[in-house]
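Read off the chains here:
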2 protein chains.
Amino acid sequence: MLPEEVRNFIKIFSSLPGIGIRQATRLAFRLIGSGKANIEEMAESIAGLQHLKICSRCFFIHKNHEDLCDICRDPKRNQNIVAIVEKETDLISIEKTGKFKGRYLVMGDLAKTGDMETIQKLRLATLKNTAKKSGQFEEIILALNPTTYGDLSAAVIAKELESSTKKITRLGRGIPTGGEIEFADDETLRSALERRS
Amino acid sequence: MLPEEVRNFIKIFSSLPGIGIRQATRLAFRLIGSGKANIEEMAESIAGLQHLKICSRCFFIHKNHEDLCDICRDPKRNQNIVAIVEKETDLISIEKTGKFKGRYLVMGDLAKTGDMETIQKLRLATLKNTAKKSGQFEEIILALNPTTYGDLSAAVIAKELESSTKKITRLGRGIPTGGEIEFADDETLRSALERRS
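Residues numbered from 1 in each chain as written. Chains lettered and ligands numbered in written order. Predicted model: local features only at pLDDT ≥ 70, side-chain atom pairs only at ≥ 80, totals over all residues. Heavy atoms only, no water.

Turning next to the pairing of strand E5 (residues 139-143) of chain B. All names here are of chain B. Counting buried positions along E5 gives five out of five residues, so the element sits mostly inside the fold. Judged by which residues are buried, E5 turns out to be covered on both faces: Glu139, Ile141 and Ala143 on one side and Ile140 and Leu142 on the other are all buried. As paired elements, strand E3 (residues 81-85) and E5 share five bridges and run parallel to each other. Note that in E5 the partner of valine 82 across the bridge is isoleucine 140. (Buried < 20%, exposed > 50% of the residue type's maximum accessible area, 1.4 Å probe, protein only. Helix = DSSP H or I, 4+ residues; strand = E, 2+ residues; numbered from the N terminus. Pairing = 2+ DSSP bridges.)

Overlay of chain A on chain B (RMSD 0.1 Å): rotation 180°, translation along the axis 0.0 Å. Viewed as a symmetry operation, the transformation between the two copies matches a two-fold axis. When C-alpha distances to the rotation axis are compared across chain A, the minimum falls at A:Ala43, with a value of 2.3 Å. Interface overlap between copies: 100% of the residues of chain A at the interface are likewise at the interface in chain B, consistent with a symmetric, same-surface contact. (Least-squares fit on C-alpha atoms with pLDDT ≥ 70 in both. Contact = heavy atoms within 4.5 Å.)

Model confidence for chain A is summarised by a mean pLDDT of 92, while 99% of its residues fall at 70 or above. Within chain A, no element has a lower average pLDDT than helix H7 (residues 186-194) of chain A, which sits at 84, and none a higher one than strand E4 (residues 103-106) of chain A, at 97. (pLDDT = per-residue confidence, 0-100.)

Domain parsing of chain A yields domain 1 (4-51) and domain 2 (74-170). If you average the C-alpha positions of domain 1 of chain A and of domain 2 of chain A, the two centres end up 34 Å apart. (Domains from an automatic or database assignment.)

Before going further, it helps to examine the pattern of salt bridges. In the structure shown here, the tally under the stated rule is 23 salt bridges over all chains. Measuring nitrogen to oxygen at the nearest pair gives 3.2 Å for the salt bridge that ties A:Arg26 to B:Asp109. Of the two residues, A:Arg26 sits in helix H2 (residues 21-34) while B:Asp109 sits in the loop between strand E4 (103-106) and helix H5 (118-134), which places them in two different chains. One salt-bridge network, in which partners are shared between bridges, spans A:Arg26, A:Arg30 and B:Asp109. (Salt bridge = Lys/Arg side-chain N within 4 Å of Asp/Glu carboxyl O.)

The next point concerns the nonpolar core. Grouped together as the largest cluster of nonpolar side chains are 114 residues, with contacts concentrated most on A:Phe13, A:Ile84, B:Phe13 and B:Ile84. Once residues within four sequence positions are removed from consideration, B:Phe13 is found in contact with A:Phe13, A:Met42, A:Ser45, A:Ile46, B:Ile19, B:Ala24, B:Leu27 and B:Ile46. (Core = buried A, V, L, I, M, F, W, Y, C linked by side-chain atoms within 4.5 Å.)

All names here are of chain A. The four strands lie next to each other as E4-E3-E5-E6, forming an open sheet whose pairing is parallel. Taken across any chain shown, the strands that pair with only one partner, and hence form the sheet edges, are E4 and strand E6 (168-170). Ignoring strand direction, the axes of neighbouring strands in this sheet form an average angle of 25°. Packing against the sheet, helix H5 (residues 118-134) makes contact with strand E3 (81-85), E4 and strand E5 (139-143), and its axis sits at approximately 150° to E4. Packed on one face of the sheet, helix H6 (residues 148-161) meets E3, E5 and E6 and runs near 170° to E6. (Axes fitted to C-alpha atoms, helices over the stretch in contact; angles between N-to-C directions.)

Residue and element names in this part refer to chain B. Across the sheet, which stays open at both edges, the four strands sit in the order E4-E3-E5-E6 with parallel pairing between neighbours. Looking at strand neighbours, the two that pair on one side only are E4 and strand E6 (168-170), the edges of this open sheet. Mean inter-strand twist for the sheet, computed between neighbouring axes without regard to direction, equals 25°. Contacts between H5 and the sheet are confined to E3, E4 and E5, with E4 contributing the most and set at about 150° to the helix. Set on the sheet, helix H6 (residues 148-161) makes contact with E3, E5 and E6; between it and E6 the angle comes to about 170°.

Between chain A and chain B, the contact holds 48 residues from the first and 48 residues from the second. Among the residues chain A hides against chain B, the three largest losses belong to A:Met1, A:Leu49 and A:Gln50. Together they make up 14% of the total. Counting across the chain A and chain B interface gives six salt bridges. On inspection of chain A and its partner chain B, the count reaches seven residue pairs in polar contact (both at pLDDT 80 or more). Elements represented by at least two residues in the side of chain A that touches chain B include exactly helix H1 (4-13), H2, helix H3 (36-47) and helix H4 (88-97) of chain A. (Buried area = accessible area lost by both parts, 1.4 Å probe. Polar contact = N/O pair within 3.5 Å; in protein donor to acceptor, adjacent residues only side chain to side chain.)

The structure is reproduced here in C-alpha cells:
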C-alpha cells in the first residue's frame, strides 16, 4: 500500500532513539505534504552533519582538521582534571557555567543497569592508558546525573578508574536554586544538610 | 558552543510535529556518532520523499505521472461514495479491511476545536464542486475518530456538505472485538445497545 520511499523512510527513522513507527509514518506524510523545498532543506540539514568529527580524546564533536576538539587542544585547559559526562549536552551545560577549566570524557547514553557497553569501556580505557603513560590524573569528576542509574554507573566507573587518579569526586547534591525545602525529597535534604556551607 | 551544522539540524528537526529541541539535539549527536554512511542513508531516505506527489482528488500520496493516485484512477472504485478521513494512515487502515469500494478525501490533522483550516476548507470545496458539476454523491462517510474533536469536526463537515450528498454517515460505534463490556465506557455501551444486531 505504501510506496517504497515511504517504507524506507519509516524503517530508517523509526530506528532512531525515541521515534516509533507511528511517529515516523506521520513525519513521512507531513514531509511529503510540505513540498520539495522543505524536503531538500531537511535532507541537507542531515547531510551537513557529515562534516563533523568525534574528538579522539574526549569524544565530543568538532570540525577541526586534527583529531582533537577545541577544548582538548586548548593549552589553557588543565588536561589532568577530567569531568566524565554522559551526554554531549551535559558537557555544554557545564561549559556554560564557565567554572570548569579541565577537560571532559563523554560516555554516551548509560544503561539503566549500570553496565558499560564495549564502546564505553574503550572510552574509559583511554583514560587508564593516559594515566599509565603520563601518571595519575589530579582529579576525575563523575559528572553523572544524581539518579539511580547515574549512581550505579558512577560506582562502576569509580572502581574502573581508582588506580588512574588521585581523587574521584561527584557533583554536589542539594536543593536546587529556586527550589523549595517543602518539596525536596529525603535524600536531597539529607545531602543538603551534610553539605551545608 | 555548537557548530552551525548542528544548530541548523536542531532548528529544522525541532520544527517537526512531536519533536522538541531536546530530542532533536540528542538525534544530532546520535547521528554524528553513527558515522558518514548512516548519515548519508538518512539524508537519502528523506530526499527520496521528493518523488512522491499528492493526489489532486483525494490528497493521498502517489507516484503516478498523472495527478491521480491509484485509488482515484481505479475504474472499479465507486467515485460516488467518499470516505472522509483525517490521516493517510486512517485511509491505509480502511483499505486493509478490503471492505470499502468507494474513494477517499484526506483532511489532514484536525484541530481539537473542530475549526477547519484554510487548506481543509479547500479540500472540502473540491467535493462541493464535484457535486455541483456531476450531481450529489450517493454517500459521504465521515470516517473520523469517535472522539470529542472527531465529533466536533464531523458536525462541521456534515453541515458544510449537506447539500452535496444524498446521505451522510459515520462509522459504527460499539465494543471493539476482543474488548470487555466491564471496561467499556457509558457512551460506547449506549452505542453498542442502540446498534445491536
